[in-house]
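Now for the letters of each chain:
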Amino acid sequence: MQRERYPGEAAGLRNFLAGLLPVAERELGPDSLLLHAIRRALKSGSLADLRRARRMFNLLPRERKRAVSSGLLTAGRGPRDADPAAGRGPWITFDGTTRGEHGSRPRVGLGDGPGLGSPNGLLVLVRPGTLPSVAAGALRRIARLIEDDRRLLSDRFWFGRGRDAGGDAGS
C-alpha cells in the first residue's frame, strides 16, 4: 500500500486532475491516453493512479503541455464580481448572530453555495476537507483586521448614516 508523501497529496492530485479533465478532453481529444489515465485515477482514487496521471501530464511534449496548462488557467478564471461560493459547493456553513447574544451558538449546516445568505448578517463558509487550524487561523486574521479598523462594520462609514446635522463639514 502506498502512502502519501505529504499530507493532502491525494486530495491535491484529485483536485488538479478534476480541473484538468475537461481541458485535456478539449485540447487533446477524446482518445487521449492522458484523458483515459485521468478518468481512471478519478474513478479509482488510488494514489498510484493519481500519481501516474500527473506523471503523464508532466511528460507531455512542451507545446501540448503549454496549451493544456494555459487552458487550465483560463478555465479557472471567472468574472470578478461573481459569487465566490457559486458552483464550488458543498460548503459547511456557520450562521451566527450579530445581536450580541452571547449564549446563542451558531447554526451549523451544509449548503450548496449560490444563494447562501444569513438573516443575521454573519455567515462563514468553510470547504469540507479544510483543516480546522487553517480555518480558525484565517478567521483570527479577519477578526484582527476588523478589530484594528472598526470602520469595516460601521454603517456611518459605508453608507453615511447616523451623521449629525452639524457634522464634520462646518469646522
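Structure: above.
So, a few notes on the structure that sits alongside this text. (Residues numbered from 1 in each chain as written. Predicted model: local features only at pLDDT ≥ 70, side-chain atom pairs only at ≥ 80, totals over all residues. Heavy atoms only, no water.)

1. A look at helix H2 (residues 33-44)
Side chains that are three or four residues apart share a direction in an α-helix, a result of its 3.6 residues per turn.
So, step 1. For H2, spanning twelve residues, the distance from its first C-alpha to its last is 16 Å, which sits close to the expected 16 Å at 1.5 Å a residue.
So, step 2. Looking at the buried side of H2, the elements it contacts are helix H1 (9-28) and helix H3 (47-58).
So, step 3. The opening residue of H2, the one whose side-chain oxygen lies 3.1 Å from the backbone nitrogen of leucine 34, is serine 32.
So, step 4. Remark: glycine 45 follows H2 within two positions and exhibits a positive phi of approximately 75°. (Helix = DSSP H or I, 4+ residues; strand = E, 2+ residues; numbered from the N terminus. Expected span 1.5 Å × (residues − 1). Contact = heavy atoms within 4.5 Å. Polar contact = N/O pair within 3.5 Å; in protein donor to acceptor, adjacent residues only side chain to side chain.)

2. Describing the side chain of serine 32
So, step 1. Among the structural elements, serine 32 can be located in the loop between H1 and H2.
So, step 2. What makes serine 32 buried here is its relative accessible area of 13%. (Buried < 20%, exposed > 50% of the residue type's maximum accessible area, 1.4 Å probe, protein only.)

3. Brief notes about the packing of H2 against H3
So, step 1. Orientation of H2 relative to H3, taken along the N-to-C sense of each, is 160°, at an axis distance of 8 Å. What the angle tells us is that H2 and H3 run roughly antiparallel. For the element pair H2 and H3, the recorded crossing hand is left-handed. Contacts from Leu33, Leu34, Ala37, Ile38, Arg40, Ala41 and Ser44 of H2 reach H3 at Asp49, Leu50, Ala53, Met56 and Phe57.
So, step 2. When its residues are assigned to classes, the contact of H2 with H3 shows nine nonpolar, one polar and two charged. (Axes fitted to C-alpha atoms, helices over the stretch in contact; angles between N-to-C directions. Parallel < 35°, antiparallel > 145°, perpendicular 65-115°, else oblique. Left-handed = near helix turned anticlockwise from the far one by under 90°. Nonpolar A, V, L, I, M, F, W, Y, C, P; charged D, E, K, R; others polar.)

4. Some words on the packing of aromatic side chains
So, step 1. Within the structure shown, the criterion is met by one aromatic pair.
So, step 2. Ring geometry for phenylalanine 16 and phenylalanine 57: centres 5.4 Å apart, planes at 70°, overall edge-to-face. Of this pair, phenylalanine 16 sits in helix H1 while phenylalanine 57 sits in helix H3, placing them 41 residues apart in sequence.
So, step 3. Overall, the relative accessible area of 6% leaves phenylalanine 57 in the buried class.
So, step 4. We note lysine 65 situated over the ring of phenylalanine 57; from NZ or CZ to the ring centre the distance is 5.8 Å. (Phe/Tyr/Trp six-rings, centres within 6.5 Å; stacked < 30°, edge-to-face > 60°. Lys NZ or Arg CZ within 6 Å of the ring centre and 35° of its normal.)

5. Comments concerning the pattern of salt bridges
So, step 1. Taken as a whole, this structure holds seven salt bridges when the rule is applied.
So, step 2. Glutamate 9 is the salt-bridge partner of arginine 5, the closest N and O atoms lying 4.0 Å from each other.
So, step 3. The class of arginine 5 is exposed, set by a relative accessible area of 58%.
So, step 4. Note on glutamate 9: relative accessible area 1%, which makes it buried.
So, step 5. Note that arginine 52 is salt-bridged to aspartate 49, the shortest N-O span being 2.6 Å. Note that arginine 52 and aspartate 49 are positioned in helix H3 at a spacing of three residues, about one turn of the helix.
So, step 6. Note on arginine 52: relative accessible area 36%, which makes it partly exposed.
So, step 7. Taken together, the shared-partner salt bridges in this structure form one network comprising Arg5, Glu9 and Arg51. (Salt bridge = Lys/Arg side-chain N within 4 Å of Asp/Glu carboxyl O.)

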